[in-house]
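In case you want the letters, here they are:
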Amino acid sequence: MRYFILTTILITFSYSNGYSQIAGEDEPSILFEASFVGDILFNYAGGMETGNSHMGMIDLASTIDFERIGLWPGGELLIHIENTHGATPTGDMIGDLQV
């Protein structure tokens, strides 16, 4: 019988320079958003091997409203960048098939 003992720590940070729609404020002409999600996984026993690993995702987004700037009526540009990095603990340490 195979067993494993896991502990996962989730770390999340996010930032936005946008204004609250509830407060009735207008949105800025250039909106920037950033977030980071990190997982630290510890496998204490069982699986393919014991140890720890880290996974993370960086998410960056920017929206430019050209109409508010006065350059292009109805124009808007969205740039969205994501980066996933780190190990694959379920495939490398645990040995499950959902990889």
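Along each chain, residue indices are assigned from 1 in the same order as the chain's sequence is written. Two thresholds apply to this predicted model, a pLDDT of at least 70 for residue-level local features and 80 or more for giving and counting side-chain atom pairs, whereas whole-chain, interface and lining totals are computed over all residues. To get the side-chain values, take all heavy atoms of the structure and skip hydrogens and water.

## Focus: the packing of aromatic side chains
Here the aromatic set is Phe, Tyr and Trp, taking the six-membered ring for Trp, and pairing holds for ring centres within 6.5 Å; pairs whose planes are under 30 degrees apart are stacked, those over 60 apart are edge-to-face, and all others are tilted. One pass over the full model with this rule turns up two aromatic pairs. For the ring pair F42 and Y44, a centre distance of 6.3 Å and an interplane angle of 10° mean the geometry is stacked. Here the aromatic rings of F66 and W72 are separated by 6.1 Å at their centres, their planes lie at 40°, and the arrangement is tilted. The buried label applies to any residue whose accessible area, calculated with a 1.4 Å probe on protein chains only, is under 20% of its type's maximum; exposed applies above 50%, and partly exposed to all values in between. On the basis of relative accessibility, which here comes to 19%, the residue F66 falls in the buried class.

## Side note on the confidence of the model for the chain
In predicted models, pLDDT denotes the confidence assigned by the predictor to each residue on a 0 to 100 scale. Residues of the chain with pLDDT of at least 70 account for 74%, and the chain-wide mean is 79. Put simply, DSSP H or I for four residues or longer makes a helix, DSSP E for two residues or longer makes a strand, and each gets a number counted from the N terminus. Of all helices and strands in the chain, the one with the weakest mean pLDDT is strand 1 (residues 4–16) (65), whereas strand 4 (residues 76–86) scores best (93).

## Brief notes about the pattern of salt bridges
Side chains that differ in sign of charge can pair as their charged atoms come close. Definition used for salt bridges: Asp or Glu carboxyl oxygen within 4 Å of a side-chain nitrogen of Lys or Arg. Considering all chains together, one arrives at one salt bridge under this definition. When the shortest N-O distance is used, the salt bridge between R68 and D65 registers 3.5 Å.

## Points about the side chain of D59
Of note, D59 is situated in strand 3 (residues 51–65). His is not counted, nor are the chain ends, whereas Lys and Arg count as positive and Asp and Glu as negative. Summary of buried charges: D59 has no salt-bridge partner, and the nearest side chain of opposite charge, R68, is 21 Å away. There is a polar contact of 2.6 Å between the side chain of D59 and the side chain of H80. In this view, D59 contacts E33, A34, S35, H80, I81 and E82; residues no more than four positions away in its chain are not counted. Pairs of N or O atoms within 3.5 Å make up the polar contacts considered here, provided that, within protein, one atom can donate a hydrogen while the other can accept it, and that residues adjacent in sequence are counted only when both atoms are side-chain atoms. Throughout, a contact is declared for two residues whenever any of their heavy atoms are within 4.5 Å.

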